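# Geometric and topological summary
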Amino acid sequence: MQFDMRTLPLQARYKIINSTVTPRPIAWVTTLSENGAVNAAPYSFFNAVGDEPPLLVLGLLKDPVSGGLKDTATNIMRSGAFVVNLVSEADAEKMNQCSVNAPRGVSECDYADLEMAPSTAVAPPRIASSPVSFECVKHTALDIGRQNVVLGEILVAHIADAYISDPEKLYLDTPAMKLIGRTHGSGWYARTSDQFKMERPQYDPERLKR
């Protein structure tokens, strides 16, 4: 089937994107409210987009009822600072608890009983149990339709010592992190424990003659 994304209703477009662009890494974003409350919210419209400067991108959907910014976007727009924490299998349930529609001002960190650790370059704390945390500042923000697209520059990366195989060569034991991602439909996730490897091939002009 062919779908004209220009004419489909919003929910249909969301279903197609959400069910095909998978698996998506999860950004468990921590920010600070104006009164200092720590907000933690998971987002799967997220990825890395560059290394000079090192950049992450977040797609922060607006409130479906009011059309206004949710807490994470509000806090980032105001302060420019946030931390992206990656999610391991061990933290899946706590991450899921942070996705509740909590009243504004309620700290999901308290609600999910998260242990926090101080950041070094930004004010929002990081999630202590996360295998990887990126301290970020807002580089660029775009208000586009139903979402705010935020490019964040990574200032500091925290990687738990247990996952560093060789500090000098920066060899990381990524499989041991057991990171999870979002897949199709509501509530579906993927493990990263089933992987395969392919070496990048060298160009072979003889292939064109076959």
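Residues numbered from 1 in each chain as written. Predicted model: local features only at pLDDT ≥ 70, side-chain atom pairs only at ≥ 80, totals over all residues. Heavy atoms only, no water.

Moving on, we come to the overall build of the chain. For the chain, the helix and strand inventory stands at 5 helices and 14 strands. Projected onto its principal axes, the C-alpha positions of the chain cover 65 × 50 × 30 Å. Counting across all 210 residues of the chain, residues that qualify as buried make up 36%. Contacts in the chain between residues far apart in sequence, at least 24 positions, make up 58% of those at least 6 positions apart. When the accessible area of the chain is evaluated, it comes to approximately 13200 Å², of which 54% is carbon and sulfur surface. (Helix = DSSP H or I, 4+ residues; strand = E, 2+ residues; numbered from the N terminus. Buried < 20%, exposed > 50% of the residue type's maximum accessible area, 1.4 Å probe, protein only. Contact = heavy atoms within 4.5 Å. Areas by Shrake-Rupley, 256 points an atom, 1.4 Å probe, with all protein chains shown as cover.)

This next bit is on a nonpolar patch on the surface. Together, Met1, Phe3, Met5, Ile17 and Val21 make up an exposed nonpolar region whose accessible area comes to about 540 Å². Counting through the fold element by element, valine 21 comes out in the loop between helix H1 (10-20) and strand S1 (24-25). (Patch = residues over 30% accessible without salt bridge, like charges linked within 9 Å, V, L, I, M, F, W, Y side chains within 5 Å. Salt bridge = Lys/Arg side-chain N within 4 Å of Asp/Glu carboxyl O.)

Its location among the elements puts serine 33 in the loop between strand S2 (27-32) and strand S3 (38-43). Of note is the side chain of serine 33, whose polar atom sits 2.4 Å from the side chain of asparagine 35. In this view, serine 33 contacts Asn75 and Arg78; residues no more than four positions away in its chain are not counted. (Polar contact = N/O pair within 3.5 Å; in protein donor to acceptor, adjacent residues only side chain to side chain.)

Restricting attention to buried positions, one finds in helix H2 (residues 71-79) the residues Asp71, Thr72, Ala73, Asn75 and Ile76. Just downstream of H2 lies glycine 80, where phi reads positive at about 80°.

Our focus in this paragraph is the packing of aromatic side chains. Applying the stated criterion across every chain, the model contains 1 aromatic pair. Between tyrosine 14 and phenylalanine 45, the ring centres sit 6.3 Å apart and the planes meet at 55°, which makes this aromatic pair tilted. Placement of tyrosine 14 in helix H1 and of phenylalanine 45 in the loop between S3 and strand S4 (46-51) is noted, with a sequence separation of 31 residues between them. The exposure class of tyrosine 14 is partly exposed, given its relative accessible area of 28%. (Phe/Tyr/Trp six-rings, centres within 6.5 Å; stacked < 30°, edge-to-face > 60°.)

Let's shift gears to the pattern of salt bridges. The final tally for this structure, using the stated rule, is 5 salt bridges. Aspartate 4 serves as the salt-bridge partner of arginine 6, at 2.9 Å between the closest nitrogen and oxygen. Under the relative-accessibility criterion, arginine 6 is labelled exposed at 75%. Looking at aspartate 4, the relative accessible area reads 31%, which means it is partly exposed. Two residues, glutamate 199 and lysine 197, come together in a salt bridge whose shortest N-O distance is 3.3 Å. What makes glutamate 199 exposed here is its relative accessible area of 62%. Under the relative-accessibility criterion, lysine 197 is labelled exposed at 69%.

On to the environment of aspartate 161, then. Within the fold, aspartate 161 resides in the loop between strand S10 (147-159) and strand S11 (164-166). Looking at aspartate 161, the relative accessible area reads 67%, which means it is exposed. Through-space distance from the C-alpha of aspartate 161 to that of serine 193 is 20 Å; in sequence the pair is 32 residues apart.

What follows concerns the sheet that holds strand S5 (residues 54-61). As summarised here, the arrangement of the 7 strands in space is S3-S2-S6-S9-S10-S5-S4, forming an open sheet in which the pairing is antiparallel. Looking along the sheet, the strands with just one partner apiece sit at the ends: S3 and S4. When the angles between neighbouring strand axes are averaged without regard to direction, this sheet yields 35°. One ladder, built from 3 bridges, connects S2 with strand S6 (residues 81-85); its direction is antiparallel. (Pairing = 2+ DSSP bridges. Axes fitted to C-alpha atoms, helices over the stretch in contact; angles between N-to-C directions.)

Turning our attention to the nonpolar core. Leu58, Phe82, Val84 and Phe134 are the most contacted members of the largest nonpolar core, which has 21 residues in total. Secondary-structure elements contributing two or more residues to this core are S2, S3, S5, H2, S6, strand S9 (132-144) and S10. If you look at the next biggest cluster of nonpolar residues, it comprises 13 residues, including Ile26, Val38, Cys98 and Ile180. (Core = buried A, V, L, I, M, F, W, Y, C linked by side-chain atoms within 4.5 Å.)

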